[in-house]
Amino acid sequence: MTFVLLRGLMRDRRHWYGFAQRLAAAGVRVITPDLPGNGTLVEINSPLSISAYADYVWAQIDEVLSEGATREVLEPVCLVGLSMGGMLALEMAKHKPNRVQRVVFINSSAANLSPWYRRFQLSSLVKSAWGTGRRWLNGELPGVSLLEATVIQLTSECRGDDIKLIQDWSHYRQQGHTSLFNGLRQLVACASFDAPVIDSLPANAPVNSLVNGPESVPVNVIVANRDRLAHPSCGEALAHFYQSKAIYLDDCGHDASLDKPEPLLRLLLELAR
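The structure reproduced in this document is the subject of the present report. Bear in mind that the values here come from a model prediction, so they are computed numbers and not experimental data.

1. Examining the overall build of the chain
Within the chain one finds 11 helices and seven strands. Rg of the C-alpha trace for the chain: 18 Å, near the compact-globule value of 19 Å for 273 residues, within the 12% margin. Principal-axis analysis of the C-alpha atoms places the extent of the chain at approximately 60 × 40 × 35 Å. Sorting the 273 residues of the chain into buried and exposed places 51% on the buried side. For the chain, contacts bridging at least 24 residues in sequence account for 72% of all contacts bridging at least 6. As displayed, the chain has an accessible area near 12500 Å², and 55% of this comes from carbon and sulfur atoms. In the chain, 26 side chains carry a positive charge and 27 a negative one; their mean positions are 4 Å apart.

2. A short note on the pairing of strand β3 (residues 77–82)
The element β3 is extensively covered by neighbouring structure, given that six of its six residues are classed as buried. Side chains of β3 alternate between two faces, with Val77, Leu79 and Gly81 and Cys78, Val80 and Leu82 buried alike. Of the strand pairs in this sheet, strand β1 (residues 2–6) and β3 are connected by four bridges, and their pairing is parallel. Across the sheet, residue Phe3 finds its bridge partner in β3, namely Cys78. Relative to strand β4 (residues 100–106), β3 is paired through six bridges, and the arrangement is parallel. Note that in β4 the partner of Cys78 across the bridge is Arg102. With respect to chirality, the unit in which β3 leads through helix α3 (residues 84–95) into the neighbouring parallel β4 is right-handed.

3. Focus on empty space enclosed by the protein
A complete count under the given rule lists one cavity of 30 Å³ or more for this structure. Contributing to the lining of the largest cavity are Met10, Arg11, Asp12, Arg14, His15, Glu148, Trp169, Tyr172, Arg173, Gly176, His177 and Thr178. The dominant element in the lining of the largest cavity, judged by the number of residues it contributes, is helix α7 (residues 163–175), at three residues. Residue composition of the lining of the largest cavity, by class: three nonpolar, four polar and five charged.

4. Regarding the side chain of Thr2
Locating Thr2 in the fold gives a position in strand β1. For Thr2, the side chain forms a polar contact with the side chain of Arg29, separated by 3.3 Å. Discounting residues that sit within four places of it in the chain, Thr2 has contacts with Arg29, Ile31, Leu65, Glu75, Val77 and Cys78.

5. Brief notes about helix α8 (residues 180–191)
An ideal rise of 1.5 Å per residue puts 16 Å on 12 residues; α8 measures up with 16 Å between its terminal C-alpha atoms. Contact partners of the buried residues in α8: α3 and α4 (116–119).

6. As for a nonpolar patch on the surface
Taken together, the side chains of Trp116, Tyr117 and Leu122 present a nonpolar region at the surface, about 380 Å² in accessible area. Here Tyr117 shows up in helix α4.

7. A word on the environment of Arg118
Positionally, Arg118 belongs in helix α4. A relative accessible area of 33% means that Arg118 is categorised as partly exposed. Arg118 sits 111 residues away from Leu229 along the chain, and the two C-alpha atoms are 8.2 Å apart. Those residues in contact with Arg118 that sit more than four places away from it in its chain are Leu229, Ala230, His231, Ser233 and Cys234.

8. Side note on unusual backbone geometry
Of note in the backbone geometry, Met10 takes a positive phi value of approximately 60 degrees without being a glycine. Among the secondary structure elements, Met10 is positioned in the loop between β1 and α1 (19–25). Of note in the backbone geometry, Tyr17 takes a positive phi value of approximately 50 degrees without being a glycine. By the secondary structure assignment, Tyr17 is in the loop between β1 and α1. Looking at Tyr17, the relative accessible area reads 22%, which means it is partly exposed.

9. Describing the packing of aromatic side chains
The final tally for this structure, using the stated rule, is five aromatic pairs. The interplanar angle of 90 degrees and the centroid separation of 4.9 Å between the aromatic rings of Phe241 and Tyr242 together place this pair among those described as edge-to-face. You can call Tyr242 buried: its relative accessible area is 3%. Connected via pairs of aromatic rings, a cluster forms that spans Phe105, Phe241 and Tyr242. Directly above the ring of Trp16 sits Arg7, whose terminal nitrogen or CZ lies 4.9 Å from the centroid.

The rules behind each value
- Residues numbered from 1 in each chain as written.
- Predicted model: local features only at pLDDT ≥ 70, side-chain atom pairs only at ≥ 80, totals over all residues.
- Heavy atoms only, no water.
- Helix = DSSP H or I, 4+ residues; strand = E, 2+ residues; numbered from the N terminus.
- Rg over C-alpha atoms; globule rule 2.2 N^0.38 Å.
- Buried < 20%, exposed > 50% of the residue type's maximum accessible area, 1.4 Å probe, protein only.
- Contact = heavy atoms within 4.5 Å.
- Areas by Shrake-Rupley, 256 points an atom, 1.4 Å probe, with all protein chains shown as cover.
- Lys, Arg positive; Asp, Glu negative; His and termini not counted.
- Charge placed at Lys NZ, Arg CZ, Asp CG, Glu CD.
- Pairing = 2+ DSSP bridges.
- Right-handed = clockwise from strand over helix to strand, strands pointing away.
- 1 Å grid on protein atoms, 1.4 Å probe; cavity = no way out; pocket = protein on both sides within 12 Å on 5 of 7 lines; lining within 4 Å.
- Points joined across faces, edges and corners; volume = space filled by probe spheres on them.
- Nonpolar A, V, L, I, M, F, W, Y, C, P; charged D, E, K, R; others polar.
- Polar contact = N/O pair within 3.5 Å; in protein donor to acceptor, adjacent residues only side chain to side chain.
- Expected span 1.5 Å × (residues − 1).
- Patch = residues over 30% accessible without salt bridge, like charges linked within 9 Å, V, L, I, M, F, W, Y side chains within 5 Å.
- Salt bridge = Lys/Arg side-chain N within 4 Å of Asp/Glu carboxyl O.
- Phe/Tyr/Trp six-rings, centres within 6.5 Å; stacked < 30°, edge-to-face > 60°.
- Lys NZ or Arg CZ within 6 Å of the ring centre and 35° of its normal.

Structure (structure tokens):
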């Protein structure tokens with residue numbers, strides 16, 4: 001089994017922050033591609049539509065899968081997408097269903113299913129920025145990126161005040177980060193994303209199930225009940241759209257791999273059986 005982990009808006013493979021290693025330690029192969037405009041692809045202009053990201057990601061996946069491969073046909077993968085990464089996973093499954101064993105998306109949303117103010121809760125962003133500014137004025141955040149501190153405050157229910165995490169992500173930012181230009185382009189792509197129609201299997205279908213034909217893809221939806229960025233109703237709407245049952249992570253914010261790495265790990269391994 002190969003898991004492909006896809007991060008979200010203006011984030012890259014570093015921001016899995018150990019989760020990919022945890023998953024690999026469980027005995028599965030893990031691939032962590034970067035989206036164009038982020039991480040190792042920071043110099044590329046980010047596309048303005050989610051579907052246009054797919055070829056860049058498939059190229060990175062195929063590079064890993066082809067290493068030591070003895071078959072001409074590369075093995076299907078399980079796509080796990082967080083936020084914008086979940087949108088991309090759905091587009092990838094739509095266009096190459098024979099390459100995908102399962103799609104699992106976490107705290108994602110779609111313009112055709114949820115209003116913009118649910119998909120991006122501006123009031124939470126303002127509160128997070130205010131809280132970060134107050135901590136900075138109190139001298140609690142010396143030498144760190146206030147932007148990264150605000151992002152963590154917004155997306156994490158459990159680790160918003162974790163100074164080590166803020167310092168590490170601030171260091172990532174110093175090493176290299178997504179430009180404002182590409183960040184805005186990614187935001188446009190997310191804002192215009194509509195959930196695609198794919199030939200999906202029931203969410204509890206085993207990974208080797210072909211009951212509806214070889215191009216059917218099981219879809220699972222994970223929803224954090226304390227998500228302050230994308231309201232949980234967005235994930236519930238996606239679950240309804242794909243005739244799946246929402247799987248909830250309690251006391252968890254938008255970045256589920258930060259807040260609940262062990263429950264998320266167990267859940268992914270269970271779904272992959």
